[in-house]
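Take a look at the letters that make up each chain.
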Amino acid sequence: MNNAKLLVQALEQEGVDVIFGYPGGAIMPFYDALVGSRLRHILVRHEQAAVLGADGYARATGRVGVCVATSGPGATNLVTGIANAFLDSVPLVAITGQVASPLMGTDAFQEVDTFGITMPVVKHSFLVKRAAVLPWMVREAFRLARSGRPGPVLIDLPKDVQNAAACGGYEPAPIEQPPAPEPQAVARAAELLRASRRPVVYAGGGIGMGCAVDEFRAFVAATRIPVVSTLKGLGALPGDHELYLGMLGMHGFRAANRAIQECDVLVCVGARFDDRATGKLSEFAPRARVIHMDVDAAEVGKLRRPDVAVVGGLRPALRTLSIPLEIDSWRRTCRAFTAEHAWNYDAPGAGVYAPRFLKRLSEAADGETIITCDVGQHQMWVAQHCRFRRPEHHLSSGGLGTMGYGVPAAIGAQLGRPQARVISVTGDGSIMMNLQELATLVRYDLPIKIVLLDNRALGMVRQWQELFFEHRYSEVDLSDNPDFVRVAEAFGIPAFRLEDRREETQAIERLTRDRGPVLAHVLIDPQANVWPLVPPGHSNEVMMEGAHR
Amino acid sequence: MTFAIQLQLKRAEGALVRVLGLVGRRGYEVIRVEARPSGDERVMDVVMTVQSDRPADVLVRHMAKLFDVVEIQEMREMSK
Ligand SMILES: Cc1ncc(C[n+]2csc(CCOP(=O)(O)OP(=O)(O)O)c2C)c(N)n1
Ligand SMILES: [Mg+2]
């Protein structure tokens, strides 16, 4: 048996069922070993879609996503997706072929330093120089990818090592629980909470990634503290929960940003004080003492010094902190914020108003629907107006903001959750970044629904040029877009166009009932902007508003 | 401020580059670095002097997460 075969068997033993990849010279022994294997390989049409597909699979299932590419251009095409997984803490193992070890360092055909290029964006990486270490490295790669704060791990595998005889067998990596936080820290957090009058929970992606949703909900039920969420934290609390104030930050809801600015204790649970969430950091939650709960010690004090750091597994900490608090009047204040700033979905005109359309779509979809999105205005509208019952129902490229994420992530999610309805909300700019994957969707018969919100522009950039560059529009016009209905049909995907709001109901009906794939080409107002908006560099107290509210 | 960090590092592929890369990327500057074999051939001893207005403890926690870092032994503040 050679190492390529051993690697395939190792993946099988890790419980991997689907891998995403694209073959080429330096990874051919691995592809040869795949023949006859239990692994289901998804042949994408661009390596970026392999890694983003693995990312979507991992986020939707909570398991490690696996992608494979050849050396050189195959590997460099993975880089964006590896960075995407790194910034959003997604468990991923990326396997790349490398030129044979005697050729390494000679500028051989399709040789690049994959190990070096990816170093800043991996949790860890291995270059397999000797056959004997392969089983250990694969095991460590899986262990590292999912333990603690998850992340991508790269295995760069020279061709001669793949061909060499395997040494030893494979033992799957253990599933590790993060260490429980120090009891003294938790006790201090409890003390702070008991003394608080106006606490707010700032809920992040760590809750979902740390499998702590149940404990988090029990904690909120016991303490009854109002909750704001980051982009990745959406769904940690159901979107219609009475204590939920909405997303915070640059495009957050006023109620959420106001509550943060006025709180006296901020309980950060699995979030990282990202600039899109905090606005001007020095003016974020200015009156608050901070409890920072995170599995990653390096997040503590990175941007804001906490008063109490609770480092370790979120689950035990949340369990201990599930204590009743006397904060009735503050809760009433927060509820008043929510009522005062309720969204007005009545937009004038006959066209489709994207926030209302997305809200209606999300209400009509069943509770297990997964929505993936791309990057831009449509992404923010999804975060603001769709309701999520679980974090793994909302797949969005948060940290890296990768246009082109939506369709590949939907493919990964649908393969990981074959029973779930998967809707991909994309933009006319973003969909073109991985348009070729419509062929993958058809090849594997995936019933994904694509909602293409077409504003004939790179809308988010256009919005910034309008507001912060005095209407000087520079390279944001997409009015020469192709006919997306015909594009979809050329790939073999049924498609229809929606322009008139009177046809919304019928469109939503199709998107939530059709069995097969479908693309809805939705024409929206090219002038529509995302509101509210905290201008870059300002405090979250400065929320700009525009028309259509 | 300037501070010193002493660590034990696995002699693994790219280990030293990974540590030095992390320091720079996180907004710290390496002023001096010394790496030498330790008694154990699998491990090397590294001492580095680092400068930044960012806090030392944050960098140490970032480093401690690296798979190849066996131990971070001490951190001395040398000047403000
Ligand atoms: C790969 C990549 N390139 C550039 C950007 C910068 N960017 C952010 S949003 C955006 C416009 C997206 O346009 P579209 O997909 O049509 O979405 P819209 O904002 O119009 O809803 C751009 C160019 C990005 N996030 N990702
Ligand atoms: Mg657009």
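As the structure is a computational prediction, the values presented were derived from the model and not from experiment. (Residues numbered from 1 in each chain as written. Chains lettered and ligands numbered in written order. Predicted model: local features only at pLDDT ≥ 70, side-chain atom pairs only at ≥ 80, totals over all residues. Heavy atoms only, no water.)

Colleague: Looking at this model, I keep getting lost on the overall build of chain B. Mind explaining?
Modeller: Helix and strand content of chain B: 2 helices and 4 strands. Ordered by position from N to C terminus, the α and β elements of chain B give β-α-β-β-α-β. Its C-alpha radius of gyration of 12 Å places chain B within 12% of the 12 Å reference for a compact globule of 80 residues. When its C-alpha atoms are laid out on the principal axes, chain B stretches across 35 × 20 × 15 Å. (Helix = DSSP H or I, 4+ residues; strand = E, 2+ residues; numbered from the N terminus. Rg over C-alpha atoms; globule rule 2.2 N^0.38 Å.)

Colleague: Help me out: how do you make sense of unusual backbone geometry in this one?
Modeller: Across residues other than glycine, the phi torsion is negative in most instances, and most of the peptide bonds are trans. Residue and element names in this part refer to chain A. The residue after Trp531, namely Pro532, is reached through a cis peptide bond having omega -10°. We note that Arg224 has phi near 55°; this positive angle belongs to a residue other than glycine. Within the secondary structure, Arg224 is located in the loop between α10 (213–223) and β8 (227–229). For Arg224, a relative accessible area of 28% translates into the label partly exposed. For Ala285, which is not glycine, the phi torsion reads 45° and is therefore positive. (Buried < 20%, exposed > 50% of the residue type's maximum accessible area, 1.4 Å probe, protein only.)

Colleague: Even after reading the chapter, I still don't get the side chain of A:Glu140, so can you show me in this structure?
Modeller: Tracing the backbone shows A:Glu140 in helix α6 (residues 134–146). A residue is classified by how much of its surface remains accessible, and A:Glu140, at 9% relative accessible area, is buried. When residues no more than four places from it in sequence are discounted, the contact partners of A:Glu140 are A:Phe126 and B:Phe67. (Contact = heavy atoms within 4.5 Å.)

Colleague: Whenever I open this one, the sheet that holds strand β10 (residues 265–269) of chain A confuses me. Can you help?
Modeller: Each strand in a sheet pairs with another by means of backbone hydrogen bonds, the pair being arranged parallel or else antiparallel. Residues and elements named next belong to chain A. Strand order across the open sheet formed by 6 strands is β9-β8-β7-β10-β11-β12, with parallel pairing between neighbours. Both outer strands of the open sheet, β9 (244–247) and β12 (308–311), are each paired with one neighbouring strand and no more. Neighbour-to-neighbour, the strand axes of the sheet open up by a mean angle of 15°, direction not taken into account. Running over the sheet, helix α8 (residues 183–195) touches β10, β11 (289–294) and β12 and is turned about 135° from β12. (Pairing = 2+ DSSP bridges. Axes fitted to C-alpha atoms, helices over the stretch in contact; angles between N-to-C directions.)

Colleague: I keep staring at the site of ligand 1 and nothing clicks. Help me out?
Modeller: Residues and elements named next belong to chain A. Around ligand 1 lies a shell of 17 residues, among which Gln377, Gly401, Gly429, Ser430 and Gly459 are the nearest. Here an oxygen atom of ligand 1 sits 2.9 Å away from a polar atom, N or O, in the side chain of His378. A distance of 3.1 Å separates an oxygen atom of ligand 1 from a polar backbone atom of Ala457. In the complex, 76% of the free accessible area of ligand 1, which totals 590 Å², lies under the protein chains. Residue assignment for the shell around ligand 1 shows that the elements contributing at least two residues are α16 (377–385) and α19 (459–468). Looking at the shell around ligand 1 element by element, the count peaks at 3 residues for α19. Looking at the shell around ligand 1, its residues break down into 7 nonpolar, 9 polar and 1 charged. (Near = heavy atom within 4 Å. Polar contact = N/O pair within 3.5 Å; in protein donor to acceptor, adjacent residues only side chain to side chain. Areas by Shrake-Rupley, 256 points an atom, 1.4 Å probe, with all protein chains shown as cover. Nonpolar A, V, L, I, M, F, W, Y, C, P; charged D, E, K, R; others polar.)

Colleague: Would you mind showing me how to read empty space enclosed by the protein here?
Modeller: Over the atoms a probe the size of a water molecule is rolled, and this reveals where empty space is left. Within this structure, the stated rule accounts for 1 cavity of 30 Å³ or more. A breakdown of the residues in the lining of the largest cavity according to their chemical character gives 7 nonpolar, 1 polar and no charged. (1 Å grid on protein atoms, 1.4 Å probe; cavity = no way out; pocket = protein on both sides within 12 Å on 5 of 7 lines; lining within 4 Å. Points joined across faces, edges and corners; volume = space filled by probe spheres on them.)

Colleague: I tried to follow the pattern of salt bridges on my own but got confused; where do I start?
Modeller: Oppositely charged side chains can form a pair if their charged atoms are brought close together. A complete count under the given rule lists 39 salt bridges over all chains for this structure. With a shortest N-O distance of 3.2 Å, A:Arg276 and A:Asp275 are connected by a salt bridge. Look at A:Asp275 and you get partly exposed, because its relative accessible area is 47%. Salt-bridge contacts for B:Asp40 lead to B:Arg42; the nearest nitrogen and oxygen are separated by 3.1 Å. We classify B:Asp40 as partly exposed; its relative accessible area is 30%. Residue B:Arg42 is classed as exposed on the basis of its relative accessible area, which comes to 60%. (Salt bridge = Lys/Arg side-chain N within 4 Å of Asp/Glu carboxyl O.)

Colleague: I keep staring at the domain arrangement of chain A and nothing clicks. Help me out?
Modeller: The extent of an interface is frequently quoted as the accessible surface area lost upon association of the parts. Residues and elements named next belong to chain A. Per the domain assignment, the segments making up chain A are domain 1 (3–163), domain 2 (183–340) and domain 3 (354–523). In this structure, domain 1 and domain 3 have C-alpha centres spaced 29 Å apart. Domain 1 puts 24 residues into the contact, and the matching count from domain 3 is 26 residues. Regarding the contact of domain 1 and domain 3, the summed buried area is about 2000 Å², with carbon and sulfur atoms giving 61% of it. Counting across the domain 1 and domain 3 interface gives 0 salt bridges. (Domains from an automatic or database assignment. Buried area = accessible area lost by both parts, 1.4 Å probe.)

Colleague: How should I be thinking about the coordination of the magnesium ion (ligand 2) in this particular structure?
Modeller: Ideal values differ by geometry: the angle at a metal is 109.5 degrees with four tetrahedral donors, but 90 or 180 degrees with six octahedral donors. Residues and elements named next belong to chain A. Note on the magnesium ion (ligand 2): its protein donors are Asp428 (OD), Asn455 (OD1) and Ala457 (O). The metal-donor distances range over 2.0 to 2.2 Å. The exposure class of Asn455 is buried, given its relative accessible area of 6%. Judged by its relative accessible area of 6%, Ala457 falls in the buried class. (Donors = N, O, S within 2.8 Å, 3.2 Å for Na, K, Ca; no water.)

Colleague: What's the story with the packing of aromatic side chains in this structure? I'm lost.
Modeller: Aromatic rings in a pair are described by how distant their centres are and how their planes are angled relative to each other. For the structure shown, the criterion picks out 13 aromatic pairs over all chains. On the basis of an interplanar angle of 75° and a centroid distance of 5.8 Å, the ring pair of A:Phe126 and A:Trp136 is categorised as edge-to-face. Here A:Phe126, found in strand β5 (residues 124–127), pairs with A:Trp136, found in helix α6; they are 10 residues apart in sequence, far enough to count as distant. Consider the rings of A:Tyr202 and A:Phe273, whose centres lie 5.3 Å apart with planes at 85°: the pair is edge-to-face. With A:Tyr202 in strand β7 (residues 199–203) and A:Phe273 in the loop between β10 and α12 (275–278), this pair connects stretches of sequence that are 71 residues apart. Each of the two residues, A:Tyr202 as well as A:Phe273, counts as buried. Each member of the aromatic cluster is reached from another via a ring pair, and the members are A:Phe126, A:Trp136 and B:Phe67. (Phe/Tyr/Trp six-rings, centres within 6.5 Å; stacked < 30°, edge-to-face > 60°.)

Colleague: Could you clarify how one ought to interpret the pairing of β11(A) in this entry?
Modeller: Note on strand geometry: in a regular strand, side chains alternate between the two faces of the sheet. Residue and element names in this part refer to chain A. The buried fraction of β11 is high, at 5 of 6 residues. For β11 and β12, the ladder comprises 4 bridges, and the chain directions are parallel. Paired with Met293 across the bridge in β12 is Val310.

Colleague: Where do I start with the interface of chain A and chain B in this structure?
Modeller: The partner chain B presents 14 residues to the 20 residues of chain A that form the contact. Between chain A and chain B, a total of about 1400 Å² is buried, with carbon and sulfur atoms accounting for 58% of that surface. For chain A, the biggest contributors to the area lost against chain B are A:Met119, A:His124 and A:Ala298; these three give 34% of the whole. Where chain A meets chain B, there are 3 salt bridges. Here B:Asp57 makes a salt bridge to A:Arg305, at a shortest N to O gap of 2.8 Å. The interface formed by chain A and chain B holds 6 residue pairs in polar contact (both at pLDDT 80 or more) in total. When grouped by side-chain class, the residues that make up the side of chain A that touches chain B number 11 nonpolar, 3 polar and 6 charged.

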